[in-house]
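Residue-level structural notes
The chain contents come next:
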Amino acid sequence: MSETTQSSQAPRVSGAERILAYITVGVAALTSAYLLFMLLSEHETCYGMQADKLLCQPVDAIAAARGALVLLFPGVLFIGGAIGALWQTRASLSDNRNAAYGLLVTCTLLLIGIVTPALAGAGLFLLPATLLMVVVAALGTVKFVHDWRTGAAQAEARP
């Protein structure tokens, strides 16, 4: 691939990464709001099992706060991943881009680890946003490899 082709693809990858990061946070926020609304509208919440029967209790302020707290942790990871993606596309120093890429990948891997075991429940609702975050991380990886190759080529060109 020629150098001009690589340099013209870098802004497109950065733009796609940035747009998908915004969309991911929006989808995650809508999904979390929907899940919290559904919790409050059901008027009861169920935790655990006893003698093959769900343990359900009426929704009160504590149950609503617990639900909000449970949804807050993946929300923080979605926001952290989006910040990493945006930071990576805008940073001028390679060390900053590397740190941003690390934040993006760390948040994405934690999201996968949280959502995958919960696919039978609320994780199914967060799956689309998680898959979008995986695409954002893949685009970030493409940008990271491009920056690494560019840096290696520049280092070879120096006398």
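Residues numbered from 1 in each chain as written. Predicted model: local features only at pLDDT ≥ 70, side-chain atom pairs only at ≥ 80, totals over all residues. Heavy atoms only, no water.

**Focus: the overall build of the protein chain**
The helix and strand tally for the protein chain stands at four helices and two strands. Excluding contacts between residues fewer than 6 apart, the proportion of contacts in the protein chain whose partners are at least 24 apart in sequence is 65%. Surface accessibility of the protein chain: about 9800 Å² in total, with carbon and sulfur atoms responsible for 69%. (Helix = DSSP H or I, 4+ residues; strand = E, 2+ residues; numbered from the N terminus. Contact = heavy atoms within 4.5 Å. Areas by Shrake-Rupley, 256 points an atom, 1.4 Å probe, with all protein chains shown as cover.)

**Description of the pattern of salt bridges**
Going through the model one piece at a time under the given rule, you end up with two salt bridges. Asp-147 serves as the salt-bridge partner of Arg-97, at 2.9 Å between the closest nitrogen and oxygen. Of this pair, Arg-97 sits in helix α3 (residues 94-115) while Asp-147 sits in helix α4 (residues 123-157); the two residues are 50 residues apart in sequence, bridging distant segments of the chain. Accessibility classification places Arg-97 together with Asp-147 in one group, the buried group. Residue Asp-147 pairs with Lys-143 through a salt bridge whose shortest N-O separation is 3.6 Å. Here the residue Asp-147 and the residue Lys-143 both occupy positions in helix α4, the gap between them amounting to four residues, near one helical turn. Judged by its relative accessible area of 11%, Lys-143 is buried. The structure contains a network of salt bridges with shared partners spanning Arg-97, Lys-143 and Asp-147. (Salt bridge = Lys/Arg side-chain N within 4 Å of Asp/Glu carboxyl O. Buried < 20%, exposed > 50% of the residue type's maximum accessible area, 1.4 Å probe, protein only.)

These figures capture arrangement, not role.
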